[in-house]
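Here is what each chain is made of, one letter per residue.
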Number of protein chains: 12
Amino acid sequence: MPDSLRVLVVHGPNLNLLGTREPEIYGETTLPEIDDRLASEAKEWGAEVETFQSNHEGALVDRIQDASGWADGILINAGALTHTSVALRDVLAATDLPVVEVHLSNVHARESFRHHSYLSAVATGVIVGFGPDSYVLGLRGLLDSLTRG
Amino acid sequence: MPDSLRVLVVHGPNLNLLGTREPEIYGETTLPEIDDRLASEAKEWGAEVETFQSNHEGALVDRIQDASGWADGILINAGALTHTSVALRDVLAATDLPVVEVHLSNVHARESFRHHSYLSAVATGVIVGFGPDSYVLGLRGLLDSLTRG
Amino acid sequence: MPDSLRVLVVHGPNLNLLGTREPEIYGETTLPEIDDRLASEAKEWGAEVETFQSNHEGALVDRIQDASGWADGILINAGALTHTSVALRDVLAATDLPVVEVHLSNVHARESFRHHSYLSAVATGVIVGFGPDSYVLGLRGLLDSLTRG
Amino acid sequence: MPDSLRVLVVHGPNLNLLGTREPEIYGETTLPEIDDRLASEAKEWGAEVETFQSNHEGALVDRIQDASGWADGILINAGALTHTSVALRDVLAATDLPVVEVHLSNVHARESFRHHSYLSAVATGVIVGFGPDSYVLGLRGLLDSLTRG
Amino acid sequence: MPDSLRVLVVHGPNLNLLGTREPEIYGETTLPEIDDRLASEAKEWGAEVETFQSNHEGALVDRIQDASGWADGILINAGALTHTSVALRDVLAATDLPVVEVHLSNVHARESFRHHSYLSAVATGVIVGFGPDSYVLGLRGLLDSLTRG
Amino acid sequence: MPDSLRVLVVHGPNLNLLGTREPEIYGETTLPEIDDRLASEAKEWGAEVETFQSNHEGALVDRIQDASGWADGILINAGALTHTSVALRDVLAATDLPVVEVHLSNVHARESFRHHSYLSAVATGVIVGFGPDSYVLGLRGLLDSLTRG
Amino acid sequence: MPDSLRVLVVHGPNLNLLGTREPEIYGETTLPEIDDRLASEAKEWGAEVETFQSNHEGALVDRIQDASGWADGILINAGALTHTSVALRDVLAATDLPVVEVHLSNVHARESFRHHSYLSAVATGVIVGFGPDSYVLGLRGLLDSLTRG
Amino acid sequence: MPDSLRVLVVHGPNLNLLGTREPEIYGETTLPEIDDRLASEAKEWGAEVETFQSNHEGALVDRIQDASGWADGILINAGALTHTSVALRDVLAATDLPVVEVHLSNVHARESFRHHSYLSAVATGVIVGFGPDSYVLGLRGLLDSLTRG
Amino acid sequence: MPDSLRVLVVHGPNLNLLGTREPEIYGETTLPEIDDRLASEAKEWGAEVETFQSNHEGALVDRIQDASGWADGILINAGALTHTSVALRDVLAATDLPVVEVHLSNVHARESFRHHSYLSAVATGVIVGFGPDSYVLGLRGLLDSLTRG
Amino acid sequence: MPDSLRVLVVHGPNLNLLGTREPEIYGETTLPEIDDRLASEAKEWGAEVETFQSNHEGALVDRIQDASGWADGILINAGALTHTSVALRDVLAATDLPVVEVHLSNVHARESFRHHSYLSAVATGVIVGFGPDSYVLGLRGLLDSLTRG
Amino acid sequence: MPDSLRVLVVHGPNLNLLGTREPEIYGETTLPEIDDRLASEAKEWGAEVETFQSNHEGALVDRIQDASGWADGILINAGALTHTSVALRDVLAATDLPVVEVHLSNVHARESFRHHSYLSAVATGVIVGFGPDSYVLGLRGLLDSLTRG
Amino acid sequence: MPDSLRVLVVHGPNLNLLGTREPEIYGETTLPEIDDRLASEAKEWGAEVETFQSNHEGALVDRIQDASGWADGILINAGALTHTSVALRDVLAATDLPVVEVHLSNVHARESFRHHSYLSAVATGVIVGFGPDSYVLGLRGLLDSLTRG
């Protein structure tokens with residue numbers, strides 16, 4: 001284990017829009033604010049997070065491949081790609097890192113095509129529906145298991 | 001809001017077996033140990049938990065009905081009933097309390113009939129796959145939202 | 001046929017909550033009030049009703065088994081168990097009594113899992129959507145056929 | 001509300017054959033006899049019924065469109081069109097009148113294509129399986145709600 | 001292995017009605033008579049059976065949990081719960097006892113919802129269609145494997 | 001049996017277009033020519049045919065209802081209504097006449113929605129794919145069984 | 001090509017209700033107003049439209065058959081029959097005229113049974129969701145292709 | 001075309017049992033009697049039939065392959081293989097002979113797995129439900145088309 | 001009933017490989033050893049078994065047809081043909097003999113295509129999962145019912 | 001509303017190949033020619049279009065996000081991504097701009113996987129099958145509604 | 001490993017027709033020519049092939065059982081049985097030999113029932129669409145792995 | 001045809017990870033080693049390969065579009081995009097080049113979502129399961145057909 005645990009936080013398509021658009025739906029928290037909360041939380045654990053957002057499936061795959069060289073775990077909200085990307089599933093499975101999948105909204109209470117995730121079966125754990133807290137709870141769960149690991 | 005937040009923790013069928021049987025699968029943590037962790041966690045928040053386990057769907061429904069008179073939120077691992085009980089879904093929906101659904105194992109990586117939950121659509125949030133930590137994370141998420149509420 | 005017709009009225013899970021919770025959805029009529037209306041209606045026909053509510057599938061099955069010894073017909077709103085209980089279907093089929101199935105809300109206008117009833121195929125008739133009147137109409141239909149019987 | 005409530009009673013394809021053919025299946029009651037029972041029942045409520053039977057989907061749609069100008073409610077047994085006619089669903093939804101759907105036989109105990117009704121989701125209530133009494137119970141349910149309305 | 005093999009025989013909902021109702025369908029053998037046959041059969045093997053019937057899923061789960069402390073195998077006819085209870089599947093899987101599933105009637109020749117059993121995949125063997133003999137054959141199969149075990 | 005057998009021949013929607021349009025697909029035989037062939041064939045058997053074509057489902061139902069008063073059998077090519085009309089199925093079932101269903105083209109080699117017929121299950125026999133000969137063969141089959149009847 | 005292009009405009013069931021009922025849903029434009037807009041639009045192209053509305057599938061089929069003798073193209077909003085009528089599909093395919101299918105509302109955002117159209121596969125083009133403009137755009141598209149023809 | 005038309009008649013599994021077993025279901029006509037009727041019918045057309053029955057899919061395929069060297073058409077009742085044999089479909093498609101598929105019973109009124117035929121899509125025509133007459137009608141249809149050929 | 005009961009034992013494709021290949025999966029019992037156990041068991045009942053194995057569906061059908069002339073019952077493990085052969089179902093249904101279906105392995109715990117048997121619906125009883133004991137139990141069940149018969 | 005309406009025109013994967021390849025299928029119009037037609041059409045309305053083509057889902061999402069800052073509406077032919085991209089659906093829903101979806105070919109007459117669009121449910125209107133005119137009609141429909149807006 | 005590798009080449013139903021019939025579809029290569037190419041290819045590797053064609057599933061199973069005694073690998077084109085034979089799947093799985101599945105045509109571009117192969121899941125590799133080259137490539141792949149083995 | 005055949009080899013997402021990660025699963029061959037083997041193989045044929053790997057669907061589409069200007073054929077392992085990318089299917093279909101699809105693992109023996117390929121129906125041939133040899137065999141098959149072409 002490295003001196004300090006490092007976590008890659010991955011945000012999928014359209015999550016960069018958080019907070020600035022449709023706040024009545026997605027809340028007023030912006031993605032940078034979420035990233036700040038994650039950084040603070042990590043700090044409390046003596047850990048570090050590195051965050052990455054992209055609307056490009058390929059860029060997300062590239063980044064996750066890269067992470068297998070330095071990260072201790074992955075926290076991912078793949079957004080819409082959750083439901084369509086086998087490539088993300090494969091790259092997550094290819095890393096030997098623990099993966100926590102999070103979603104802001106309760107996907108099970110939305111359209112039926114959002115009920116299935118290609119990623120869940122290769123994740124350690126999944127957290128949905130807590131808004132920005134989904135990320136924080138997910139990070140805690142990930143760090144907890146890494147620390148005990 | 002009451003002086004101190006109160007949460008009903010509901011454990012469904014067979015969760016009383018935790019820790020004492022098949023520890024290689026379900027881990028060595030027992031249900032009383034989980035309940036203790038939840039009590040400690042609650043205490044940190046100045047909250048209280050009351051826990052209830054039953055193998056009877058009807059008893060679980062009775063208890064949740066009763067909780068709507070005194071509880072501020074519900075944390076539930078309905079076990080096998082997750083996949084078969086519309087009665088639990090209805091009683092959870094009938095209460096006007098926030099509900100957090102948790103699962104020890106990653107249900108999405110198991111038999112296909114475990115991929116669907118009747119409860120998720122009426123829950124605030126869902127947490128799966130973190131073992132006993134699923135409960136702790138769920139309680140935090142629930143108390144967090146109640147405190148901010 | 002006995003001197004006076006006797007009908008067992010069965011209320012499934014969560015129907016005991018009627019009227020006291022979410023009146024904007026389920027109306028303000030309570031289950032005792034429904035039972036009173038049924039008793040009055042029965043009286044007009046020179047009949048008697050005995051009512052039973054439980055959140056336990058097993059208790060409902062027990063009660064229906066028992067009814068086959070003294071009742072002339074069964075009026076049942078199985079609530080959520082309508083959609084999941086083969087045991088209720090089997091016990092209703094096992095009695096040689098006429099059965100009328102009722103629902104307060106129009107189940108066909110709700111979630112798709114509520115469109116299927118395990119009970120309907122073994123019932124004499126089914127009445128849905130009239131609120132508390134579903135019970136009254138169902139009792140009339142049942143008594144009418146028993147009287148003519 | 002008009003001085004006297006008026007209800008359009010709609011009979012779909014082949015219901016004109018009632019009673020005169022296959023009495024062992026459909027019973028010996030004819031459609032005119034059913035219409036008479038409905039007229040009597042209506043009279044007791046100080047209401048009137050106007051009945052219409054056709055084997056033509058288009059004629060049924062025409063009649064229901066017309067009814068929205070004078071009727072207070074619609075009682076309909078759409079027969080075979082129940083399972084195939086979106087046009088009837090649409091015209092019922094287009095009227096702002098309460099609609100009660102009835103069936104003589106227990107459609108849930110017959111071929112699977114009879115288990116689905118295009119009309120139920122836009123009806124106030126549905127009554128099946130009581131033979132000619134389905135109509136009478138349906139009319140009562142309709143008049144009851146109109147009277148209280 | 002204990003001095004004498006002990007088998008828990010579990011009867012699900014409505015099996016207590018056997019023989020006394022609808023004998024033309026289910027035959028004239030009562031449940032006590034089946035239990036007697038099983039006791040005799042067991043005796044021949046120097047084994048013992050303990051039988052339990054309940055209409056309550058929860059009670060069946062409780063009893064099976066308890067059996068894991070003293071029984072050498074389980075013989076179960078879960079009745080209607082066969083097709084709907086994941087809780088029973090889970091408790092059977094949780095015990096490390098061999099399980100034999102039996103059914104009186106040939107479920108494959110009945111309604112399609114009876115073709116699927118949640119229990120079969122976790123059972124050692126399944127016997128259907130031999131009437132009361134299903135139990136006797138099942139007990140033999142179970143004792144045979146336990147004896148050789 | 002009447003002195004001379006009488007058969008109602010029913011042609012559904014768009015069959016009036018036969019021969020005059022798209023002869024490369026449907027052949028050059030017109031509907032009147034088919035009717036003539038059927039009349040000749042019937043004459044050889046000392047029978048009579050009465051033919052009816054309509055693009056209106058309701059008109060077809062009316063005509064078949066009427067036929068139950070005088071016809072000995074029905075030969076029907078319901079065209080597109082084959083795949084959509086429960087009303088035609090019901091009226092054919094309601095008559096106590098033998099029914100033979102025919103199709104010009106091989107419906108099984110066309111779009112999948114043409115593979116299912118609502119009528120076949122209530123027909124005595126079905127003949128598809130022989131072009132105009134389907135009618136002639138169907139009439140023979142019908143008259144054969146009526147004569148032997 | 002004739003001196004002036006002629007288009008048959010076909011309106012299916014319930015479209016005669018447009019504008020006068022439920023204006024909050026369907027807008028305040030009436031069918032005559034739509035027909036007027038289409039006539040004006042046609043005039044600009046030196047073309048003519050003839051419009052036909054019926055609630056009867058058979059009447060619509062009759063009219064389209066007739067049109068194949070004089071029209072240069074067909075603009076059709078089959079309303080509810082879109083989803084249920086193979087007869088309309090067949091008659092449209094039988095004409096050798098270009099067909100444009102239009103819908104006022106966005107059928108893809110409504111009930112799932114409205115997502116499938118029997119007509120689309122035999123149409124040249126389909127336009128949905130623009131309200132009355134769907135017709136106008138459809139007519140332009142049709143005339144454009146006919147003019148270039 | 002040869003001097004005299006030759007038709008291979010193929011009977012699939014269990015058709016050799018016809019008439020001698022379960023006459024109340026399959027009638028009293030035996031397969032040799034059917035073959036005789038076909039021979040007579042053929043003779044009237046100046047044609048010949050050669051008949052072949054086997055319970056072996058492979059033997060049926062062998063025989064049909066052979067027939068492509070001398071036969072002018074094939075009349076086949078593949079029995080149970082109708083629903084399961086792609087090999088028969090392929091060999092029928094591989095011959096360049098017209099094929100008529102027949103069935104004694106109305107397969108559309110039996111179990112749902114009998115509603116699909118692998119053969120129909122490669123047949124010229126299909127005849128079902130006329131008992132032994134299905135064969136005779138099928139032979140006529142086949143010879144008719146061959147003669148006109 | 002004959003002096004001594006005779007049972008045809010049918011083994012489908014690949015069962016001749018038992019014991020000599022993959023003993024870790026299928027056990028070390030060979031087919032001849034199973035046949036010997038069945039012969040011994042039969043002898044105890046004063047009955048006889050005749051056994052037949054083939055990898056050819058047609059040969060199995062031939063043999064079962066033949067058995068209807070002399071056998072009193074059939075014990076069958078159709079192996080892979082269980083899931084694909086309608087011909088075997090039909091020949092079993094055509095005999096008026098009681099049929100017991102057995103399987104060595106628990107087919108319900110294997111690939112999903114092994115969960116469906118074409119034979120079960122026409123069998124008297126089905127026994128799966130007991131290894132070679134499935135045959136012995138099946139024979140007992142069959143002889144028991146024949147003896148009582 | 002800005003001085004002049006601005007529309008973003010989005011072309012998905014492979015649309016850059018238009019006209020230069022397989023002209024017999026896709027016509028001879030190139031994408032620049034379509035863009036020119038759209039520019040001209042826009043000019044007539046006093047509007048402007050900005051066009052963007054990419055084979056990268058992520059680039060399309062980026063561009064649409066950007067458009068929400070300056071555009072008044074979006075005209076999109078997402079090509080193959082229509083059927084697979086939830087990310088495009090989400091970004092279109094996230095903008096508060098009206099969206100018109102167009103397709104060159106009649107997707108409903110092609111492979112079944114092209115019948116479903118993830119975009120349609122969040123679009124204002126959909127136009128398919130008019131070739132390049134689909135774009136022009138779509139732009140008119142969009143500008144029309146914006147102008148009236 | 002034997003001195004020289006031996007491969008059993010299995011050809012399923014109708015492959016004996018290759019080249020002599022429908023050459024425009026299946027090419028002009030005959031099965032003996034394919035066998036010759038395979039023999040030559042094998043020779044280059046110092047290996048031998050033995051080829052077997054049958055239209056009988058049972059004969060193919062017999063032959064593959066036999067091969068497990070002497071062959072080092074199996075190259076199989078099961079033709080139509082690919083899609084229907086669990087018996088072939090089972091015998092291939094029962095041998096402990098590597099299996100390569102080949103198809104002449106691209107089955108994925110044909111009828112949907114040809115998209116599923118019962119054999120692929122138990123094969124080492126699968127090659128489709130290269131015409132006779134599928135066999136040659138398959139043999140190479142098989143010998144390559146055996147040589148490296 | 002050019003002096004020397006040129007083949008574009010396309011590797012989809014995550015194939016760049018080959019050999020360096022999880023060698024126990026994917027083997028120890030790296031992608032550069034595979035590319036080397038392909039280059040050598042091509043050289044023997046007097047051909048050239050150009051290889052391209054990307055985790056970006058759009059980049060793969062771009063590259064394949066480009067290849068249609070210079071390549072004679074395409075060899076593609078689209079990895080996870082095989083199962084999700086209509087855009088790749090469309091660009092492959094848009095080129096008029098022969099396409100060979102390869103997979104390292106036997107996709108038919110893995111998760112069910114890997115059984116379907118959007119690409120196969122537009123490929124010339126498909127090769128799965130031979131590990132790195134899948135590429136080599138695929139290249140041979142492609143060059144063979146190009147050479148003969």
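Let me begin by describing the structure that accompanies this report. (Residues numbered from 1 in each chain as written. Chains lettered and ligands numbered in written order. Predicted model: local features only at pLDDT ≥ 70, side-chain atom pairs only at ≥ 80, totals over all residues. Heavy atoms only, no water.)

All right, on to the overall build of chain A then. Each helix and strand in chain A was counted, giving five helices and five strands. Reading the secondary structure of chain A in the N-to-C direction produces β-α-α-β-α-β-α-β-β-α. Taking 2.2 N^0.38 as the reference for a compact globule, 149 residues should give roughly 15 Å; the C-alpha atoms of chain A span a radius of gyration of 14 Å, in line with that estimate. With the C-alpha coordinates aligned to their principal axes, the bounding extent of chain A is approximately 40 × 30 × 25 Å. Burial status across chain A gives 65% buried among its 149 residues. Sequence-distant contacts, at least 24 apart, represent 77% of the contacts inside chain A between residues at least 6 apart. Total accessible area on chain A stands at roughly 5,300 Å², and carbon and sulfur atoms take up 48% of it. Side chains of chain A carry 10 positive and 21 negative charges; the gap between the two charge centres is 3 Å. (Helix = DSSP H or I, 4+ residues; strand = E, 2+ residues; numbered from the N terminus. Rg over C-alpha atoms; globule rule 2.2 N^0.38 Å. Buried < 20%, exposed > 50% of the residue type's maximum accessible area, 1.4 Å probe, protein only. Contact = heavy atoms within 4.5 Å. Areas by Shrake-Rupley, 256 points an atom, 1.4 Å probe, with all protein chains shown as cover. Lys, Arg positive; Asp, Glu negative; His and termini not counted. Charge placed at Lys NZ, Arg CZ, Asp CG, Glu CD.)

Residues and elements named next belong to chain I. For helix H4 (residues 86-94), the buried fraction is high: eight of the nine residues fall into the buried class. Considered for burial, the residues of H4 that qualify are Val86, Ala87, Leu88, Arg89, Asp90, Val91, Leu92 and Ala94. Measuring from the side-chain oxygen of the N-cap residue of H4 to the backbone nitrogen of Ala87 gives 3.5 Å; that N-cap residue is Ser85. (Polar contact = N/O pair within 3.5 Å; in protein donor to acceptor, adjacent residues only side chain to side chain.)

Strand order in this open sheet of 10 strands is E2(C)-E1(C)-E3(C)-E4(C)-E5(C)-E5(D)-E4(D)-E3(D)-E1(D)-E2(D), and the pairing throughout is mixed. Of all strands in the sheet, those bounded by a partner on one side alone are strand E2 (48-53) of chain C together with strand E2 (48-53) of chain D. With direction set aside, neighbouring strand axes in the sheet form an average angle of 15 degrees. As paired strands, strand E3 (residues 73-77) of chain C and strand E4 (residues 99-103) of chain C are joined by three bridges and run parallel to one another. Across the sheet, the residue bridging to Leu75(C) is Val100(C), located in E4(C). Sitting on the sheet, helix H2 (residues 31-44) of chain C touches strand E1 (6-11), E2 and E3 of chain C, and the angle it makes with E2(C) is about 160 degrees. Against the sheet, helix H3 (residues 57-67) of chain D touches strand E1 (6-11), E2 and strand E3 (73-77) of chain D, its axis set at about 175 degrees to E1(D). (Pairing = 2+ DSSP bridges. Axes fitted to C-alpha atoms, helices over the stretch in contact; angles between N-to-C directions.)

Now for the interface of chain A and chain L. In this complex, chain A contributes 18 residues to the contact, which on the side of chain L involves 15 residues. Each partner contributes to the roughly 1,300 Å² buried at the junction of chain A and chain L, and carbon and sulfur atoms together form 47% of this total. A per-residue breakdown of the area chain A buries against chain L is headed by Gln65(A), Val86(A) and Ala94(A), which together make up 34% of the total. Between chain A and chain L we count two salt bridges in total. Linking chain A with chain L are seven residue pairs in polar contact (both at pLDDT 80 or more). Counting only elements with at least two residues in the side of chain A that touches chain L, the list comes to helix H3 (57-67) and helix H4 (86-94) of chain A. For the side of chain A that touches chain L, the element with the most residues is H4(A), which contributes seven residues. Taken together, the residues of the side of chain A that touches chain L sort by class into eight nonpolar, five polar and five charged. (Buried area = accessible area lost by both parts, 1.4 Å probe. Salt bridge = Lys/Arg side-chain N within 4 Å of Asp/Glu carboxyl O. Nonpolar A, V, L, I, M, F, W, Y, C, P; charged D, E, K, R; others polar.)

Moving on: the sheet that holds strand E1 (residues 6-11) of chain E. One open sheet accounts for 10 strands, arranged E2(E)-E1(E)-E3(E)-E4(E)-E5(E)-E5(I)-E4(I)-E3(I)-E1(I)-E2(I); its pairing is mixed. Of all strands in the sheet, those with a lone pairing partner are strand E2 (48-53) of chain E together with strand E2 (48-53) of chain I, marking the two edges. Strand-to-strand twist of the sheet, defined as the mean angle between neighbouring strand axes without regard to direction, takes the value 15 degrees. Taken together, the five bridges between E1(E) and strand E3 (residues 73-77) of chain E define a ladder with parallel strand orientation.

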